[in-house]
Amino acid sequence: MKKLLIHNDKVPNIHTLDVYRAQGGYASVEKALKTMTPDQVTEEVKKSGLRGRGGAGFPTGMKWSFLAKPEGVPRYLVCNADESEPGTFKDRYLMEKIPHALIEGMITSSYALGAKTSYIYIRGEYFYVARILEQAIAEAYAAGWLGKNILGTDFSHDCHVQVGGGAYICGEETALLESLEGKRGNPRIKPPFPAVAGLWGCPTVVNNVETIAAVCPIVNMGGEEYAKIGIGKSTGTKLISASGHINKPGVYEIELGVPVEEFIFSDEYCGGIRNGKKLKAVVAGGSSVPILPTELILKTAKGEPRLMTYESLADGGFQTGTMLGSGGFIVMDEDTSIVKNLFTFTRFYHHESCGQCSPCREGTGWMEKILHKFLDGTANESDVDLLWDIQSKIEGKTICPLGEAAAWPVAAAIRHFKDEFLEIARKKKFTDVSHYNRLNKISA
Amino acid sequence: MSSQVHGVQHFDKAKRAEIKFSEEAMKVVQTIISHYPEGKQKSALLPVLHIAQAEFGGWLSPETMDYIASVLKIKPIEVFEVASFYTMYNLQPVGKCVLEVCQTSSCWLNGAEDIVKYIEKKLSIKVGETTKDGMFTLKVAECLGSCGTAPMLQCGASFHENLTYEKVDNLIEKYKSENRLRSYTDLDYKNTI
């Protein structure tokens with residue numbers, strides 16, 4: 001399996017500049033600054049077919065080409081390191097283990113965009129990771145990779161880290177920019193898009209950590225070579241955060257196109273379901289993407305093997321498919337209560353709604369309350385319809401996609417596991433066997 | 001909440017006088033401000049609030065927020081509206097060690113509820129409460145990005161992962177014996193338990 005991002009994560013002291021450099025680090029900066037024009041770098045990223053690794057999957061090269069370049073106005077690159085989508089921890093892994101991979105990507109990408117300053121906005125809870133990044137940045141300045149006239153060229157660049165204050169919504173790019181400006185994380189109405197009016201009203205590109213890190217191998221090997229990895233429009237490699245009831249949770253770099261079944265059951269990846277249990281369901285791309293039952297996550301509705309690609313996971317639309325999203329891959333065994341898992345998601349979205357839009361602010365709270373009734377054993381069968389009704393009235397009616405993110409998991413849980421809701425409502429009793437004795441087993 | 005809004009508007013000048021960054025902290029604050037263009041010092045607000053919380057007893061009193069407003073040359077309400085939006089800022093006093101147990105999906109699937117119950121029993125407090133000796137506050141948190149090493153809790157800058165009851169016992173003992181304020185800005189973040 002081809003690895004491009006975390007292939008050297010086990011090398012001792014890879015977090016230091018010397019070791020990172022000895023492993024071939026900063027080659028993309030040398031190549032770009034010395035042999036390429038900024039537009040040529042952008043062109044390679046376009047050719048690579050790289051898509052945003054934060055969740056939306058928007059083509060990165062295209063996003064870069066939208067950047068407005070008015071004379072005399074500074075442009076900014078902002079790295080979205082506000083990784084908060086439940087089930088996702090890949091960016092933390094990358095930044096903690098190989099901080100220079102991100103910094104190298106920031107420099108090369110900033111060169112392409114003509115950004116003299118860039119910011120890494122990292123969620124506040126990752127404060128210790130921010131420290132690691134700051135140390136790496138200090139090393140990069142000392143060695144001349146950052147600062148004035150990098151490698152003796154005209155290109156100068158400053159990169160800074162800013163910590164957030166604990167708010168999922170700041171992963172939405174315009175909320176992130178608000179937060180970077182020292183404000184509440186309320187998403188902005190688009191347009192204007194950040195490419196035109198972003199940080200302090202200046203043209204800005206906001207990219208995910210993994211996206212920016214992927215620019216290094218793309219520049220090194222060339223966009224066309226990169227595009228040969230993967231399948232179809234799902235080019236390159238992707239970091240998958242695997243968690244839940246599996247034998248080997250962790251971050252895996254996969255070549256896009258690995259069959260889902262292989263990813264879950266092979267020893268190279270998740271190593272199968274823990275404690276000899278059976279697979280029940282998977283949330284494949286972070287909490288906001290639709291949950292799928294075993295039969296639909298392993299195979300599409302047409303009976304084809306489901307692959308870890310943007311297209312294959314989305315095959316069948318939301319009726320029978322899901323999304324690759326952020327790559328937050330949560331696996332649930334046969335004992336898991338889908339209703340209770342949904343409750344944890346909905347509680348999360350209620351907690352994280354910024355409160356700007358009524359459908360999201362009120363709707364997420366109502367859904368949490370209704371789901372709580374299921375856990376209390378006081379829900380009626382009609383509450384399933386009520387839940388469906390509420391989620392359908394959030395989707396598409398809010399400024400930012402948090403509304404959809406909150407609505408989709410509810411819709412998918414009802415779509416695929418309606419009987420579980422109805423059974424609780426009929427019995428007027430919820431018995432949670434999902435997690436009992438797990439800890440005792442681990443402790444023993 | 002209203003009393004805090006009140007506090008922002010009518011700060012106590014005597015209390016305010018006691019609140020001042022140490023020289024060392026002020027240097028860090030100035031460095032952060034220097035990361036932004038001239039006149040955009042408000043951008044430093046979130047990181048500076050973290051420093052303030054660590055410097056001034058683990059929470060942001062109205063007086064502290066007023067002081068930060070004066071440091072960044074912005075209005076007190078601009079500080080309060082931010083401090084009240086983000087979950088990491090405490091607007092009420094908390095214990096020296098705030099234990100934040102992640103409760104979202106993957107952590108729940110791996111027994112986070114049992115960890116919460118265990119800590120509640122061990123410390124004789126409920127979620128949201130502080131022990132009588134002012135040592136521990138127990139909170140639940142939403143996804144902290146540690147799903148592959150669930151269940152987990154965060155205390156200050158440290159992530160404590162793959163928790164077991166035994167690990168919880170050990171870290172509570174350790175924190176008790178160290179008896180100091182643990183903040184997000186701690187340099188000592190290595191997870192030793």
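What you see as residue numbers is a count from 1 along each chain, following the sequence as written. Both sets of labels track the order of writing: A upward for chains, 1 upward for ligands. In view of the model being predicted, local features appear only for residues whose pLDDT reaches at least 70, and side-chain atom pairs are presented and counted only at 80 or more, with totals across whole chains, interfaces and linings using the full set of residues. Heavy atoms throughout the structure, all of them, feed into the side-chain values; hydrogens and water do not.

Some points on helix H4 (residues 45-55) of chain B
Judged by how many residues are buried, H4(B) sits mostly within the fold: nine of eleven residues are covered. The first or second residue beyond H4(B) is Gly57(B), which carries a positive phi of 85°. Burial status follows relative accessibility: with a 1.4 Å probe on protein chains alone, a residue under 20% of its type maximum counts as buried, one over 50% as exposed, and anything between as partly exposed. Only DSSP runs of H or I with at least four residues qualify as helices, and only runs of E with at least two residues qualify as strands; both kinds are numbered from the N terminus onward.

As for the sheet that holds strand E9 (residues 279-283) of chain A
All names here are of chain A. When DSSP finds at least two bridges between two strands, those strands are taken to pair. Within the open sheet, the five strands sit side by side as E8-E7-E11-E9-E10. Their pairing is mixed. The open sheet is flanked by strand E8 (250-255) and strand E10 (291-293), the only strands paired with a single partner. Strand-to-strand twist across the sheet, computed as the mean angle between neighbouring axes with direction ignored, equals 30°. Bridge count between strand E7 (residues 237-244) and strand E11 (residues 328-333): four bridges; the pairing is parallel. Each residue of the ladder has a partner; that of Ser241, found in E11, is Gly328. Any two residues having at least one pair of non-hydrogen atoms within 4.5 Å are treated as being in contact. A fitted line through C-alpha atoms represents every axis, and for helices the fit uses only the stretch in contact; the resulting angles, taken between N-to-C directions, go from 0 to 180 degrees. Strands in contact with helix H5 (residues 90-97) are E7 and E8; relative to E7, the strand with the most contacts, it is inclined by about 115°.

Observations regarding the interface of chain B and chain A
Listed by partner, the interface residues are 49 residues for chain B and 64 residues for chain A. When chain B packs against chain A, close to 4,600 Å² is buried across both sides, 59% of that on carbon and sulfur atoms. The largest contributions to the chain B side of the interface with chain A come from Phe85(B), Trp108(B) and Leu109(B), which together make up 15% of the buried area. Salt bridges, as used here, are contacts in which a Lys or Arg side-chain nitrogen is within 4 Å of a carboxyl oxygen on Asp or Glu. Across the contact surface, chain B and chain A share three salt bridges. A salt bridge links Glu161(B) to Arg92(A); the nearest nitrogen and oxygen atoms lie 2.8 Å apart. Any N or O atom pair separated by 3.5 Å or less is treated as a polar contact, with the protein-specific requirement of one donor-capable and one acceptor-capable atom, and with residues adjacent in sequence counted only for side-chain atom pairs. Summed over the shared surface of chain B and chain A, the number is 24 residue pairs in polar contact (both at pLDDT 80 or more). Of all the secondary structure elements, the ones that give two or more residues to the side of chain B that touches chain A are H4, helix H6 (76-83), helix H7 (105-109) and helix H8 (112-123) of chain B. Charged residues are taken to be Asp, Glu, Lys and Arg, nonpolar residues to be Ala, Val, Leu, Ile, Met, Phe, Trp, Tyr, Cys and Pro, and polar residues to be all remaining types, Gly included. Split into classes, the residues belonging to the side of chain B that touches chain A amount to 24 nonpolar, 17 polar and eight charged. By definition, the buried area sums, over both parts, the 1.4 Å-probe accessible area that each loses when the two are put together.

Regarding the side chain of Asn341(A)
Within the fold, Asn341(A) resides in helix H15 (residues 338-352). By relative accessible area, Asn341(A) is classed as buried at 2%. When near neighbours in sequence (up to four residues on either side) are disregarded, Asn341(A) contacts Met332(A), Ser105(B) and Trp108(B).

Focus on the packing of H5(A) against helix H9 (residues 209-221) of chain A
Residue and element names in this part refer to chain A. As a packed pair, H5 and H9 sit with axes 9 Å apart at the nearest point and diverge in direction by 50°. Our classification of the angle between H5 and H9 gives oblique. From H5, Lys90, Asp91, Leu94 and Met95 reach across to H9, where they touch Val209, Glu210 and Ala213. When the residues that make up the contact of H5 with H9 are grouped by side-chain class, the tally is four nonpolar, no polar and three charged. For this classification, under 35 degrees means roughly parallel, over 145 means roughly antiparallel, 65 to 115 means roughly perpendicular, and everything else is oblique.

Considerations on the domain arrangement of chain A
It is common to give the size of an interface as the accessible area that goes away when the parts come together. All names here are of chain A. Once the domains are mapped, chain A shows domain 1 (17-228), domain 2 (234-331) and domain 3 (338-427). Segmentation of the chain into domains, including their bounds, is taken from an automatic or database domain assignment. Using C-alpha coordinates to define each centre, domain 1 is positioned 35 Å away from domain 3. Taken together, the contacts link twelve residues of domain 1 with eleven residues of domain 3. The junction of domain 1 with domain 3 conceals about 900 Å² of combined surface from both sides, 71% of it contributed by carbon and sulfur atoms. Taken together, domain 1 and domain 3 are joined by zero salt bridges. Our count for the domain 1 to domain 3 interface comes out at two residue pairs in polar contact (both at pLDDT 80 or more). Grouping the amino acids of the side of domain 1 that touches domain 3 by side-chain chemistry returns six nonpolar, three polar and three charged.

Considering the sheet that holds strand E3 (residues 158-163) of chain A
All names here are of chain A. Pairing within the open sheet is parallel, and its four strands lie in the order E3-E2-E1-E4. The sheet is open, and its two edges are formed by E3 and strand E4 (204-208), each paired on a single side. For this sheet, the mean inter-axis angle between neighbouring strands, taken without regard to orientation, is 20°. As paired elements, strand E1 (residues 76-81) and E4 share five bridges and run parallel to each other. From the neighbouring strand, Val78 faces E4, where its bridge partner is Val206. In the packing of H9 onto the sheet, the strands contacted are E1 and E4, and the crossing angle to E4 comes to about 95°.

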